[in-house]
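Each chain, letter by letter, is given below.
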Amino acid sequence: MQPKYNNVFIFLLLMAAGAGNYATAQIAPDTITVDINHQSILNIGFGQQPRRLVTSSISTVKGSVLEKAFNTNIGNALYGRIAGLTVNQGGNEAGANAPGIRARGINTYGRGPDVLVIVDGFLGDFSQLVPEEVEEISLLKDASATAIYGSRAANGVLLVTTKRGRETPLQANFSTQQGFSQAAGLPEFLDSYGYAVLYNEALANDGKAPIYTQTDLDQYRDGSNPFFRPNVNWYDEVLRKAAPVSNYNLSFRGGNKTAKYFVLLNNISSQGLYKKFGDLDDESINARYNRFNFRANIDVKLTGRLSATLLLGGTVEDRSNPADLNSGGIFNSLSLLPPNAFPVLNPNGSFGGNANFTNPYANLLKTGFAESNGRTLQSSFRLNHDLGMITKGLSISGAVSFNNYFASGSNRAKGIQRFAISRNTAGDTVYTGFGQTTPIVGTEPDLGEYRNYAIQGFLNYHRVFKKHDIAALVMFNADNSNADKSALYAGTDVANQSLTYKNNSGATRITYVNNDKYIAEFSMAYMGSENYAPGNRYGAFPAGSIGWIISNENFLKKNHLVTFLKIRGSFGLVGNDEIGGTRFMFDQRYPFTASYNLGTNNAQANAIAEGRIANPAVTWEKERKANIGVDATFFNQLTVSLDVFNQDRYDILAEANRTSPAYLGYTALPSLNQGKVNNKGFEAILRYNNKEKSRLRFFAEANVFYARNKIVFNAEPVQLNSGILNEGRRIGQPYGLRALGLFQTEAEVASSAKPLGVAVRAGDVKYEDVGGPAGIPDGIIDGNDNQPIGNPGLPDLTVGMHTGLQYKGFDLDLVFQGVSGNTVSLNGNQFRPFQNFGKAGVIALERWTPETAATANFPRLSTENNLNNYRFSSFYQRDGGFVKLRSAEIGYALSGKFISKINLQQARLFINGTNLFSFDHIKYGIPDALGTGYPNLRTLTLGARLQF
């Protein structure tokens, strides 16, 4: 495994210069201490419950813990934090870096595998929240925990709870972080000299004469002719070494028996990796991401029995980039443009360029800019009335919520002419222009909007009768949204996609505890959606669980080894209504798409056709979830939680490829609920704390999660090559050619299978011939030779390690994440030297030549479009596993005597680092950030937290 890190970062991070006076512990209590008897209160969805009584599978992380990693998207602070949660890198650029989040792997090959996100009891988006406003994030995983969310719960539920006021005097907190981000794992390419040498070699391999003379090579190497023999590192020309980041947070918290409040204002900013092109040209702009978060959560007791809660939060988000808001085009150009193609600027100050490539520096400086402005509002109002006058423990509540998101843009675009230079016979410089310089033109695009409103009603009951503890909940929920679900619904009926989405549900949960030892819980939701046919819109989703707190039995009460021990199990049915396909597929469509050629002049006449066959019985995906778990604490210091689960998903939407012949005349096969997937695995959490009275306090917590899915049935069509069938394999299984290495001799080429019409030579990739139409090798490499290769991109094993220590005023906090069981592919310009006139990555140095045949790891070089060597195959697959230091923080709490002199209650200084280094199997980049896009970011900040 290869370590990848920056020595400056590690050196600064590990500094703990100077000694200080003793100070009160500044690590959050939920970080350094352990809940020995599981007495803490846990959010369980529409309610709370003491952790010791929870029979469901739920994992949590506190918002105070997430503050120890600088991220512009809170989802990227969850790596390795929650058992059962897989976080996939979704992007790296601030404002476009939302990760993919999966609970217990992937359970469906359908269009909707995403976790359901609930913010303060309602549908919401947590990606723009900041850790400073979050109290806790909980992942609900089994049927008992999720059934109350009905047909939305099969993929798991992520509960986000924001901070509320407390009955304490006013606490004012201020924190700031100042630092910088830098690119981690930029692709490495050859300079002009290396490029030209290998290009000549590639030409020779193609039977062509070299184009670079020894004089050319010498001038590339010594830089003596920078205009006609340039050596341009385009990444250096466009990107800066470090980009400033900052985070400011101000909050107020407190209250009394009548009113409690939490108020927050936060500003987070990242200037991006581009150089400051806006400072160089009035019609360009500096790259920047800036967001303000505000929150006001207020709880008021109106009378002795009536209370009200107002939760109000929102963001104002602004983003800008030179050239284009989407940076993908620029980074693709940087990864393709050869270093010797042309200089950044010609001798006369014009921009370099040619017929094949634009100039990315000129594009960022002289082709305009783009901005986006986003606004979000999340609000809810709740009234709660204690009905104790009817019977003790009874209450009723109602709530209404409104969430809104809107984004607009401002684009300014213009053209810029670029010039290729050459010398004529007289030795004069000749400029050949490409493109045109045009005036700037503006557009104001609508970048999307989302609205959701919901109403809820609750009847709650909780009462203890001697040894009997009974809690019950009955609720109603109705919500409407105009979410853009075009990614989920792939039909062409755009008008139907924009219609409101509506869900109604009723739910109940009953929990019974006997003698604080025996627990039984039943929950059920009855939910419906407008997306299904009348009479088929509602369904029931029941679940049950039981638990036994063995440590409360007499034979274990005096056992000092086992402090707490509970076993639990659950089983139930949940659903997933994000099924994909066309909306209202129960309704037969007749699109105006058919055409016929009629008459003597063969004129085309349009008509309607029978569209996709309707499915009046279409319904949501369903899943049976089973879970068995154990929670234990030993000798007051070691806590252990183990879960084993099995999940059977069925009624997944799939085209009827095996039952409906295409010759019947309709334009598309019907989509039926007939797919099946099984997913099983285990989770383990282990945490150790040393004794509380120790001067040196430390803890170590590890969570391990493993899941393996299998497609049981997907109605796929019969294939001549049975090796490419998905049934029986994992979701996302890659299919391609299996490489057998590189051809070593022309004789070996002549005697082996090859693609038709492709000139294959020694040094090219050799593939396994597994079958033709008859199911036996046929001497031809084509699609019939595809087979399962490698593993899916989602890891099946995820490990998180969170550890920390505290000594006097110093503290240290580290979070590691490791994944295994996934495969990544070396795709893109970095791994395709000289293709499409492009540059050459350093991997080209490992190419095959007659002299390096025994050690080569890359095929022979060619300037031609090689139809053999760059096919999707196992040759370019690599183990995607890694171990990363996701975050690290060193802090020092100032002494009580010192801070009291300046009227502070607490003060802490810290150094914080994110994505500091990675141990992996990839020599050419970072496994979860390979490619030509915005690079992975490593961030270091200095900060202070003050409490007044």
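Residues numbered from 1 in each chain as written. Predicted model: local features only at pLDDT ≥ 70, side-chain atom pairs only at ≥ 80, totals over all residues. Heavy atoms only, no water.

Enquirer: Could you clarify how one ought to interpret the overall build of the protein in this entry?
Expert: From N to C terminus, the protein includes 13 helices and 43 strands. Based on the C-alpha atoms only, the size of the protein along its principal axes is roughly 100 × 80 × 55 Å. Look at the contacts in the protein between residues 6 or more apart in sequence, and 72% of them connect residues 24 or more apart. When the accessible area of the protein is evaluated, it comes to approximately 40400 Å², of which 57% is carbon and sulfur surface. Each charge class in the protein can be summarised by its mean position, and for the 89 positive and 78 negative side chains these summaries are 9 Å apart. (Helix = DSSP H or I, 4+ residues; strand = E, 2+ residues; numbered from the N terminus. Contact = heavy atoms within 4.5 Å. Areas by Shrake-Rupley, 256 points an atom, 1.4 Å probe, with all protein chains shown as cover. Lys, Arg positive; Asp, Glu negative; His and termini not counted. Charge placed at Lys NZ, Arg CZ, Asp CG, Glu CD.)

Enquirer: Where do I start with the pairing of strand S25 (residues 538–549) in this structure?
Expert: Consecutive side chains of a regular strand alternate in pointing toward one face of the sheet and then the other. By the alternation rule, side chains of S25 split into Gly-539, Phe-541, Ala-543, Ser-545, Gly-547 and Ile-549, which are all buried, and Tyr-538, Ala-540, Pro-542, Gly-544, Ile-546 and Trp-548, of which none is buried. Examined bridge by bridge, strand S24 (residues 518–529) and S25 share eleven bridges and lie antiparallel to one another. Looking at the pairing, Tyr-526 lines up with Ala-540 of S25. Strand direction decides the pairing type here: S25 and strand S26 (residues 562–576), joined by seven bridges, are antiparallel. Looking at S26, one finds that Ala-543 is bridged to Gly-572. (Buried < 20%, exposed > 50% of the residue type's maximum accessible area, 1.4 Å probe, protein only. Pairing = 2+ DSSP bridges.)

Enquirer: Looking at this model, I keep getting lost on the pairing of strand S37 (residues 797–807). Mind explaining?
Expert: In S37, alternate side chains face the same way, and those of Thr-798, Gly-800, His-802, Gly-804 and Gln-806 are buried while those of Leu-797, Val-799, Met-801, Thr-803, Leu-805 and Tyr-807 on the opposite face are not. Relative to S37, strand S32 (residues 696–713) runs antiparallel, the two sharing eleven bridges. Within the sheet, the bridge partner assigned to Val-704 lies in S37 and is Val-799. Here S37 folds back onto strand S38 (residues 810–820) in antiparallel fashion, the turn holding two residues, of which Lys-808 has a positive phi close to 50 degrees.

Enquirer: What is the right way to read the side chain of Lys-163 from this model?
Expert: The residue Lys-163 is located in the loop between strand S10 (157–162) and strand S11 (171–184) in this model. On the basis of relative accessible area, Lys-163 is assigned to the buried category, the value being 12%. Engagement of the side chain of Lys-163 in a polar contact is seen with the backbone oxygen of Glu-132, the distance being 3.1 Å. If sequence neighbours within four positions are ignored, Lys-163 has contacts with Glu-67, Pro-131, Glu-132, Glu-133, Val-134, Glu-135, Arg-253, Phe-262 and Asn-297. (Polar contact = N/O pair within 3.5 Å; in protein donor to acceptor, adjacent residues only side chain to side chain.)

Enquirer: Explanation requested: the environment of Phe-406 in the structure shown.
Expert: The residue Phe-406 is located in strand S17 (residues 394–413) in this model. Residues Phe-406 and Leu-447, spaced 41 residues apart in sequence, show a C-alpha to C-alpha distance of 7.7 Å. In this view, Phe-406 contacts Asn-373, Gly-374, Arg-375, Asp-446, Gly-448 and Glu-449; residues no more than four positions away in its chain are not counted.

Enquirer: Hey, could you run me through the packing of aromatic side chains in this one?
Expert: Aromatic ring pairs: the centre-centre distance and the angle between the two ring planes describe each pair. Under the criterion given, the structure shown has 26 aromatic pairs. Seen in terms of ring centroids, Phe-46 and Phe-458 are 5.7 Å apart; in terms of plane orientation they differ by 45 degrees. Their pairing is tilted. In this pair, Phe-46 sits in the loop between strand S2 (41–43) and strand S3 (48–50) while Phe-458 sits in strand S21 (residues 446–465), placing the two residues 412 residues apart along the sequence. Ring geometry for Phe-584 versus Phe-586: centroids 6.1 Å apart, planes at 70 degrees, classification edge-to-face. For Phe-584, a relative accessible area of 14% gives the class buried. Residue class for Phe-586 comes out partly exposed when judged on its relative accessible area of 21%. Each member of the aromatic cluster is reached from another via a ring pair, and the members are Tyr-195, Tyr-199, Tyr-212, Tyr-220 and Phe-834. Of note, Arg-832 hangs over the ring of Tyr-876, and the distance from its end group to the ring centre comes to 4.6 Å. Lying across the ring of Phe-189, Lys-839 places its NZ or CZ 4.6 Å from the centre. (Phe/Tyr/Trp six-rings, centres within 6.5 Å; stacked < 30°, edge-to-face > 60°. Lys NZ or Arg CZ within 6 Å of the ring centre and 35° of its normal.)

Enquirer: Could you clarify how one ought to interpret helix H5 (residues 192–205) in this entry?
Expert: Along an α-helix, residues three or four positions apart point the same way, because every turn accommodates 3.6 residues. The terminal C-alpha atoms of H5 lie 20 Å apart, and with 14 residues this matches the ideal 20 Å at 1.5 Å per residue to within 8%. With respect to burial, H5 is a largely interior element, eleven of its 14 residues being buried. All of the buried residues along H5 are Ser-192, Gly-194, Tyr-195, Ala-196, Leu-198, Tyr-199, Asn-200, Glu-201, Ala-202, Leu-203 and Asn-205. Buried residues in H5 make contact with helix H6 (214–222). A positive backbone phi angle near 75 degrees is found at Gly-207, which sits one or two residues after H5. (Expected span 1.5 Å × (residues − 1).)

Enquirer: Would you mind going over the nonpolar core with me for this structure?
Expert: The tendency in soluble globular proteins is for nonpolar side chains to be buried side by side. Among the nonpolar cores identified, the biggest contains 34 residues, and Tyr-212, Phe-834 and Leu-861 are the most heavily contacted of them. Ranked by residues supplied to this core, first place goes to H5 with six residues. In this structure Phe-834 touches Tyr-195, Leu-198, Tyr-199, Ala-202, Lys-839, Ala-840, Leu-861, Ser-862 and Thr-863, once residues within four positions along its chain are discounted. One finds Leu-337, Phe-342, Phe-351 and Tyr-361 within the second-largest nonpolar core, a separate group that totals 27 residues. (Core = buried A, V, L, I, M, F, W, Y, C linked by side-chain atoms within 4.5 Å.)

Enquirer: In this structure, what is going on with the sheet that holds strand S7 (residues 116–119)? I would like to understand it.
Expert: Hydrogen bonds along the backbone pair up the strands of a sheet, which may run parallel or antiparallel. Overall, mixed pairing links the five strands, which are arranged S4-S9-S10-S7-S8 in an open sheet. Of all strands in the sheet, those with a lone pairing partner are strand S4 (58–62) and strand S8 (122–123), marking the two edges. In this sheet, strand S9 (residues 134–140) lies alongside S4 in antiparallel orientation, the contact comprising five bridges. Of the residues in S9, the one forming a bridge with Thr-60 is Ser-138.

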